[in-house]
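Overview (structure and organization)
So the chains spell out like this:
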Amino acid sequence: MSSSFLSSTAFFLLVLLYLGSFHVSNGAQQGTYIVHMAKSQMPSSFDHHFLWYDASLRSVSESAEMLYTYNNSIHGFATRLTPEEADSLMTQPGVISVQPEQRYELHTTRTPLFLGLDVHNSGLFPETGPSSNVVVGVLDTGIWPESKSFSDEGYGPIPPTWKGGCDAGTKFTTSLCNRKLIGARFFVRGYEAINGPVDESKESKSPRDDNGHGTHTASTAAGSVVEGANLLGFANGTARGIAYRARVAVYKVCWKTGCFASDILAGIDKAIEDNVNILSISLSGSRTGYTDDTAVGAFAAMERGIFVSCSAGNNGPFYSSVANVAPWITTVGAGTLDRDFPTVVILGNGKNYMGVSLFSGDALPPKLLPLVYAGNASNNATYGNFCISGTLIPEKVKGKIVMCDAGGNPARIGEVVKAAGGLGMILANMAYEGEEILADAFLLPATTVGKKAGDIIRHYILTDPNPTASIVIKGTVVNVQPSPVLAAFSSRGPNPITPNILKPDLIAPGVNILAAWTGAQGPSGLESDTRRVEFNIISGTSMSCPHVSGLAALLKSVHPEWSPAAIRSALMTTAYNTYKDGKPIIDIATLKPSTPFGHGAGHVSPTTAVNPGLIYDLTTEDYLGFLCAMNYNSSQIRIISRGNYACDPSKTYSVADLNYPSFAVNVDGSDTYKYKRTVTNVGGAGSYSVKVTSETTAVKISVEPAVLNFKEVNEKKSYSVTFTVDSSKPSGSDSFGSIEWSDGKHVVASPVAISWI
Ligand SMILES: *[C@@H]1O[C@H](CO)[C@@H](O)[C@H](O)[C@H]1NC(C)=O
Ligand SMILES: *[C@@H]1O[C@H](CO)[C@@H](O)[C@H](O)[C@H]1NC(C)=O
Ligand SMILES: *[C@@H]1O[C@H](CO)[C@@H](O)[C@H](O)[C@H]1NC(C)=O
Ligand SMILES: *[C@@H]1O[C@H](CO)[C@@H](O)[C@H](O)[C@H]1NC(C)=O
Ligand SMILES: *[C@@H]1O[C@H](CO)[C@@H](O)[C@H](O)[C@H]1NC(C)=O
């Protein structure tokens with residue numbers, strides 16, 4: 001049911017479940033497996049790792065198809081095997097693990113202004129030179145290269161460090177790439193192994209995006225400047241990717257039925273080889289632990305200095321729903337913009353209620369029309385209110401406005417009402433959607449309303465002998481306050497794998513985002529939608545992730561020497577979690593202040609991130625030490641590290657010491673918890689003093705030393721934090737706070753989240 005939070009388009013990409021299907025061949029059931037190899041154990045008789053991989057595979061199957069051999073993302077390969085062959089391969093020398101294939105699911109004109117990044121005040125970020133040498137790689141559904149967002153007008157030569165290129169295929173020639181879109185590849189072997197050959201009349205076996213999601217995310221991160229961009233007139237303005245001077249490289253790994261791990265790893269493999277600087281990944285799987293394929297691929301990318309940003313998922317507001325939580329990944333939740341698409345529902349009793357809609361077309365006649373509740377016009381006694389296809393009785397809805405209860409793809413619900421002869425629709429949120437109203441490009445005059453308004457309207461219909469209504473669609477309004485508001489759908493902490501590392505890391509705009517779209521599909525994503533648009537407005541953490549990818553590209557252009565962890569630190573410690581008036585950011589799910597489990601460090605603030613003062617840096621070695629602290633065994637560490645790293649048995653490793661820019665404490669009986677951090681000075685000389693806040697007396701935070709003096713750039717200083725807690729609080733309690741260092745010019749803030757388990 002989480003799907004009802006998503007935009008119609010993202011919807012069908014999300015209702016996917018774990019694990020690929022199996023093909024039957026030669027009487028035995030074959031599945032796809034990803035095989036991790038201990039490359040250092042390769043016998044010297046092999047000249048090349050491919051030969052060794054192949055020999056290992058042949059020792060269990062003469063005929064097994066080698067789908068991919070990986071060179072950078074993992075040491076190993078993907079192949080098709082029967083479960084018996086897989087078990088037997090597991091016992092071969094040098095084989096660390098044989099994991100079954102996993103299916104992953106895919107989870108803006110005004111945004112740059114909202115973020116304080118105006119074309120004219122972005123002097124902080126250079127217009128030419130380094131910023132145009134940064135390459136943002138996007139793993140997604142591909143690209144619509146004809147979109148104006150990928151025009152290369154005004155771009156200089158392709159950066160000399162770029163090793164990538166473009167693949168030709170269905171409706172895609174290499175000449176569609178240019179100095180903006182410098183890379184476009186597709187990875188389909190894992191998908192075809194499970195689904196059979198791509199039907200090229202329905203789906204492009206090429207980097208071309210038939211879906212829209214990939215074009216949207218790529219243009220959000222780094223699309224060129226396009227004036228007069230809008231969806232059917234809505235949100236009209238100048239569309240501009242966050243790092244609009246950066247170059248784009250797309251890796252199509254998602255297809256009609258999902259994205260497969262073997263293809264994702266191949267995409268990451270190639271992106272590393274091509275030399276991207278940033279990887280934007282708006283999808284997730286359900287494998288837990290850090291040996292998850294995307295996490296493993298992201299580790300290899302991080303080691304090469306590539307910043308990896310991933311969506312937190314759309315499974316909020318449920319506790320501990322956050323995905324992509326590996327500490328070497330930047331995990332991005334979603335908030336709203338200050339822009340809305342309001343509607344007014346006028347009832348026959350004179351009362352008015354606000355809603356949201358992106359319907360553009362012939363308006364309803366300007367008068368009150370008969371209004372019917374779908375639950376009273378359905379042939380399905382139990383679920384009639386949801387307007388499921390084929391359930392509305394045409395005689396009862398013809399010529400009327402139909403009220404349906406939300407649950408599923410909003411545009412599709414509208415399609416059902418239209419097909420049954422309804423003139424318009426009021427779609428009412430239920431408890432699950434609450435007051436979060438996402439905008440949809442309906443195919444009939446329709447509006448979504450929040451739960452409170454929905455309950456009143458439903459009551460009116462059921463009690464008034466002659467209910468009537470009209471719907472007025474008002475267009476676009478800006479400067480909506482308060483904004484940002486945390487999206488209800490945005491997945492929440494605590495971190496389900498390591499509760500002592502706070503996730504998500506931060507939030508960025510992800511609600512009603514305008515960005516470029518595919519020419520292969522209408523804005524609602526429905527087959528019956530024959531409209532074609534250059535831009536579309538959709539919602540999800542899929543949309544917030546590329547905002548952060550773009551911001552990382554900007555920071556990389558100003559500070560090319562910064563590690564991925566340094567970039568994340570700058571974004572986190574400068575993020576804000578209050579409005580200008582000092583009041584805390586609101587969570588639309590509760591209508592109460594949002595907490596670090598929802599917004600992490602807060603909402604990104606790019607103009608301050610460029611000059612953060614201090615950073616919390618992390619190296620590959622630090623992450624490996626973290627895995628030791630997690631008690632990962634040697635094979636698990638090998639899968640991630642792709643090397644011979646071994647934990648030092650004489651050393652004590654602690655998750656609490658991972659130099660993360662936030663603090664999460666799991667109270668498990670003890671009264672005190674000690675954390676250690678090291679900050680690196682990236683500003684001028686200065687004396688930083690600490691300020692701690694704790695929202696309850698049940699938590700006391702003390703920092704030692706309380707002052708850190710820096711004389712020069714790159715100087716490092718360490719401090720320790722002691723959390724003294726009332727361990728008798730009931731399990732399930734939370735408490736929040738912050739630790740802030742300031743030299744009077746910079747504020748380096750870290751959120752604190754304490755949970756009693
Ligand atoms: C969008 O704005 C531009 C510039 O203000 C204007 O010329 C254009 O007509 C507008 N388009 C729509 C569809 O409103
Ligand atoms: C690894 O390198 C080999 C040889 O260059 C190549 O054939 C293969 O496609 C590469 N693997 C990936 C996933 O790119
Ligand atoms: C309409 O539906 C409501 C709720 O499902 C029900 O209580 C009511 O009796 C129905 N009214 C008619 C006239 O069927
Ligand atoms: C009502 O719809 C539900 C969900 O589609 C279905 O499972 C059920 O069988 C339907 N009931 C009737 C009476 O049609
Ligand atoms: C390491 O842990 C994994 C997951 O629990 C397990 O499957 C594997 O057998 C272990 N390997 C070793 C060498 O202990």
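Every chain's residues receive numbers from 1 upward, in the order its sequence appears when written. Here every chain gets a letter starting at A, and every ligand a number starting at 1, in the order they are written. Per-residue local features are limited, in this predicted model, to residues with pLDDT of at least 70; the limit for side-chain atom pairs, both in listing and counting, is 80 or more; totals at the level of whole chains, interfaces and linings are taken over all residues. The basis for every side-chain value is the complete set of heavy atoms in the structure, and neither hydrogens nor water enter the calculation.

Before going further, it helps to examine the overall build of the chain. What the chain contains, in helices and strands, is 17 helices and 40 strands. For 757 residues, the compact-globule formula gives about 27 Å, and the C-alpha radius of gyration of the chain, at 26 Å, lands near that figure. Expressed as lengths along the three principal axes of its C-alpha atoms, the size of the chain is roughly 80 × 65 × 55 Å. Put simply, the chain has 757 residues, and 62% of those count as buried. Surface accessibility follows the Shrake-Rupley procedure with a 1.4 Å probe radius. Residue values consider only the protein chains on display as shielding. Of the roughly 26900 Å² of accessible surface on the chain, a fraction of 53% belongs to carbon and sulfur atoms. For the purpose of counting charges, residues Lys and Arg are taken to be positive, whereas Asp and Glu are taken to be negative. His and the chain ends are not included. Charge coordinates come from a single atom per side chain, which is NZ of Lys, CZ of Arg, CG of Asp or CD of Glu. Separation of charge centres in the chain, based on 57 positive and 64 negative side chains, amounts to 4 Å. Runs of E in the DSSP output that reach at least two residues are strands. Runs of H or I that reach at least four are helices, and both are numbered from the N terminus. For the radius of gyration, the atoms used are the C-alpha atoms, and the globule rule reads 2.2 Å times the number of residues raised to 0.38. Whether a residue is buried, partly exposed or exposed follows from its accessible area with a 1.4 Å probe, protein chains only, as a fraction of its type maximum: under 20%, in between, or over 50%, in that order.

Moving on, we get to the environment of A78. As for its position among the elements, A78 is in strand β4 (residues 76-81). Residue A78 is classed as buried on the basis of its relative accessible area of 0%. As for A78 and T32, which are separated by 46 residues in sequence, their C-alpha atoms are 6.9 Å apart. Any two residues whose heavy atoms approach within 4.5 Å at even a single point are treated as in contact. If we skip the residues at most four places from it in the chain, A78 touches Y33, I34, E65, M66, L67, Y68, Y70 and S262.

Turning next to the UniProt feature "active site" (unreviewed entry) in the chain. UniProt positions are given in the numbering used here, feature names are shortened, and annotations may be inferred rather than shown by experiment. According to UniProt, the "active site" (unreviewed entry) feature falls on D140, H213 and S542. In terms of the greatest pairwise C-alpha distance, the residues named above, spread along 403 residues, form a tight cluster of at most 9.9 Å across. When you line up the elements, D140 lands in strand β7 (residues 135-140). For D140, a relative accessible area of 1% gives the class buried. N or O atoms closer than or at 3.5 Å make up a polar contact, with two conditions inside protein: a donor-capable atom paired with an acceptor-capable one, and, for residues adjacent in sequence, both atoms drawn from side chains. Among the polar contacts made by the side chain of D140, one reaches the side chain of T217 at a distance of 2.9 Å. Here S542 is to be found in helix α12 (residues 541-558). Of the polar contacts made by the side chain of S542, one reaches the side chain of H213; its length is 2.9 Å.

Moving on, we come to the sheet that holds strand β40 (residues 747-756). The pairing of strands in a sheet comes from backbone hydrogen bonds and takes either a parallel or an antiparallel form. Paired strands, in this sense, are two strands between which DSSP finds at least two bridges. Strands sit in the order β33-β40-β39-β35-β37 across an open sheet of five strands; the sheet is mixed. Strand pairing shows two members of the sheet lacking a second neighbour, β33 (663-667) and β37 (707-710), which therefore form its edges. Averaged over all adjacent pairs, the angle separating strand axes in this sheet is 20°, with direction ignored. For every element, the axis is a line fit to its C-alpha atoms; helices are fit only across the contacting stretch, and the angle between N-to-C directions ranges from 0 to 180 degrees.

With that out of the way, let us pick up the packing of helix α6 (residues 213-222) against α12. Two elements in contact, α6 and α12, have axes separated by 7 Å at closest approach and are oriented at 35°. Every pair of crossing elements has a handedness; the one defined by α6 and α12 is right-handed. Facing α6, whose interface residues are H213, H216, T217, T220 and A221, α12 presents S542, M543, P546, H547, S549 and G550. Here a crossing is taken to be left-handed if its near helix is turned anticlockwise relative to the far helix by less than a right angle, and right-handed if that turn runs clockwise.

With that out of the way, let us pick up the site of ligand 5. Taken together, N633, S635 and Q636 form the complete shell of residues around ligand 5. Contact distances for ligand 5 include 2.3 Å between an oxygen atom and a side-chain N or O atom of N633. In this structure, S635 approaches ligand 5 through a side-chain N or O atom, which is 3.0 Å from a nitrogen atom. In the complex, 29% of the free accessible area of ligand 5, which totals 360 Å², lies under the protein chains. What makes a residue near a molecule or strand is one non-hydrogen atom of that residue sitting within 4 Å of it.

Next up on the list: the domain arrangement of the chain. With domains assigned, the chain is organised as domain 1 (22-101), domain 2 (111-337 + 494-566), domain 3 (342-475) and domain 4 (659-756). An automatic or database domain assignment supplies the residue ranges for each domain. Computed from C-alpha coordinates alone, the two centres of domain 1 and domain 4 are separated by 46 Å.

Below, the discussion takes up the sheet that holds strand β16 (residues 307-311). Reading across from one edge, β8-β11-β7-β14-β16-β17-β27 is the order of the seven strands in this open sheet, with parallel pairing throughout. Among the strands making up the open sheet, the edge pair consists of β8 (181-186) and β27 (506-509). Between one strand and the next, the sheet's axes are offset by a mean angle of 25°, whatever the strand orientation. Note: strand β14 (residues 278-281) against β16, four bridges, orientation parallel. From the neighbouring strand, I281 faces β16, where its bridge partner is C310. α6 contacts β7 and β11 (247-252) of the sheet and is inclined by roughly 160° relative to β7. Where helix α7 (residues 261-274) meets the sheet, its contacts fall on β7, β8, β11 and β14, and the angle it forms with β11 comes to roughly 150°.

Sulfur atoms of two cysteines make up a disulfide when they are within 2.5 Å. Under the criterion given, the structure shown has four disulfides. Shown here is the disulfide that connects C166 with C177, its sulfur atoms set 1.9 Å apart. Handedness of the C166-C177 disulfide follows from its S-S torsion of about -100°: it is left-handed. Separated by 11 residues along the polypeptide, C166 in the loop between β7 and β8 and C177 in the loop between β7 and β8 bring together distant segments of the chain. Here C166 matches C177 in class, with each residue buried. Here C387 is linked by a disulfide to C404, with a sulfur-sulfur distance of 2.0 Å. Linking C387 and C404, the disulfide has an S-S dihedral of approximately -85° and is accordingly described as left-handed. Placement of the pair is C387 in the loop between β21 (369-373) and α9 (394-397) and C404 in strand β22 (residues 401-405), with a sequence separation of 17 residues.

This part is about the confidence of the model for the chain. pLDDT runs from 0 to 100 and stands for how confident the predictor is about each residue. Looking at the chain as a whole, the pLDDT averages 93, with 93% of positions reaching at least 70. When the criterion is pLDDT under 50, residues 1-27 qualifies, and its contacts beyond four places in sequence or with other chains add up to 83 contacts. Below pLDDT 50 for its whole length, residues 108-112 participates in 24 contacts with residues either more than four positions away or in separate chains.

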